[in-house]
Amino acid sequence: MTDNRPVGVFDSGIGGLTVLREIWKTVPEESTIYFGDNSRSPYGTKSRSTIIRYSLQNMKFLESKDVKMIVVACNTASAYAYEELKARSGVPVVEVVTPGADVACRATKNGRIGIIATKGTISTGVYKKAVEDRAKELGMENIEIFQQACPLFVSLAEEGWWDKEVTRLTAEEYLKPLKEAGVDTLVMACTHYPLLSKVIQEVMGDNVVLVNTGEATAKVVKELLDKEGTASEGNSSPVREFYTSDEPELFEQVATPFLGEGLPSGTKHFTTDRYEVTI
Ligand code: DGL
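Attention in this report is confined to the structure presented alongside it.

Rules and cut-offs
- Residues numbered from 1 in each chain as written.
- Predicted model: local features only at pLDDT ≥ 70, side-chain atom pairs only at ≥ 80, totals over all residues.
- Heavy atoms only, no water.
- Near = heavy atom within 4 Å.
- Polar contact = N/O pair within 3.5 Å; in protein donor to acceptor, adjacent residues only side chain to side chain.
- Areas by Shrake-Rupley, 256 points an atom, 1.4 Å probe, with all protein chains shown as cover.
- Helix = DSSP H or I, 4+ residues; strand = E, 2+ residues; numbered from the N terminus.
- Contact = heavy atoms within 4.5 Å.
- Pairing = 2+ DSSP bridges.
- Axes fitted to C-alpha atoms, helices over the stretch in contact; angles between N-to-C directions.
- Buried < 20%, exposed > 50% of the residue type's maximum accessible area, 1.4 Å probe, protein only.
- Arc of directions from axis to C-beta.

Turning our attention to the site of the ligand. Taken together, Asp11, Ser12, Pro42, Tyr43, Gly44, Cys74, Asn75, Thr76, Thr118, Cys190, Thr191 and His192 form the complete shell of residues around the ligand. Taking serine 12, its side chain carries an N or O atom lying 2.6 Å from an oxygen atom of the ligand. In the model, an oxygen atom of the ligand is placed 2.6 Å from a nitrogen or oxygen of the threonine 76 side chain. Protein chains bury 99% of the 300 Å² of accessible surface belonging to the ligand in isolation.

Below is the structure:
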């Protein structure tokens, strides 16, 4: 069985493009529709009820596009809203938390795992729990988790300051407690952080494994498409559409470095706040 409908992906803005590019790499034959909620970004500093409402509205938009799966490419939205989205969606929903937790548990040798994310994501405790649950499932004992919110990383990534002195100094400050704790695995639990991975790796040292949740999530997308029998087989010309709730030109300018290859063009404007949702 094949299903050529697109995979829907949403994020608070452009960060989710780091997840989208991993999806493109892993399942290149899939069509995708990406929605970036740039006009209401960032999500990482907002309240639980706001993030759930925004996420439900974004889901409604993707459903109106007849997607076969929804990927919540935003860590903050995954941490706060996944359960609500899953309960109300007519199609499978993939979040970015558990795939990263799985990779981290498999990668660690000393059982000391660091998690860096937005303030919102850290405050939910969802990542910590996901790592603890996965470790339990894998029969691992003595897992210790160290969390650190790194809010300034989002601005530094959006500014394109991936390898600047200010970024290094900021990283040294944020990551100091994790280095001191001796973590050997660090989950980059925010869409923007993979862009800063060179600096993060240098500050943490070569022996620390950095987990890119986008990569781990793309693998889950592939597994689920295969399991559900909904992969787009033999689709040689996948369609790749982009929507933003802010100015399309602005989206395309800032998006380019996040996406790497395959620059977005023809991005359309759409605001999801027109959707009524009750929470
Ligand atoms: N996309 C968000 C995340 O992964 C980061 C940016 C924001 O705060 O909206 O948590």
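Mapped onto the elements, threonine 185 comes out in strand β7 (residues 185-188). One polar contact links threonine 185 to aspartate 184, side chain to side chain, over a distance of 2.9 Å. Leaving out residues up to four positions away in the same chain, threonine 185 has contacts with Ala104, Ala107, Thr108, Arg112, Ile113, Gly114, Val208, Val209 and Val211.

Our next topic: the sheet that holds strand β10 (residues 268-269). Read across the sheet, six strands follow the order β4-β3-β1-β2-β9-β10 without closing on themselves; strand pairing throughout is parallel. Lying at the two open borders of the sheet, with one neighbouring strand each, are β4 (93-94) and β10. As judged from the five bridges shared by strand β1 (residues 7-11) and strand β2 (residues 32-36), these two strands associate in the parallel manner. Among the inter-strand pairings, glycine 8 is bridged to a residue of β2, identified as isoleucine 33. With respect to the sheet, helix α10 (residues 213-228) is in contact with β3 (69-72) and β4, its orientation differing from that of β3 by roughly 165 degrees.

Moving on: helix α11 (residues 248-259). All of the buried residues along α11 are Pro248, Phe251, Ala255, Phe258 and Leu259. Projected onto a plane normal to the axis of α11, the buried residues spread over an arc of 75 degrees and lie on a single side. Seen from the open side of α11, the exposed residues pointing more than 90 degrees away from its buried face are Glu249 and Gln253.

Right, let's talk about the sheet that holds strand β8 (residues 209-212) for a bit. In space, the four strands of this open sheet follow the order β6-β5-β7-β8, with parallel pairing throughout. The open sheet has two edge strands with one neighbour each: β6 (144-149) and β8. Each neighbouring strand pair of the sheet contributes to a mean axis angle of 20 degrees, computed without reference to strand direction. Judged from the four bridges that link them, β7 and β8 form a sheet pairing that is parallel. Residue pairing in the sheet places threonine 185 in a bridge with valine 209 of β8. Strand contacts of helix α8 (residues 165-180): β5 (112-117), β6 and β7, with the helix running at about 170 degrees to β6, the strand carrying the most contacts.

Shape descriptors only; they carry no functional weight alone.
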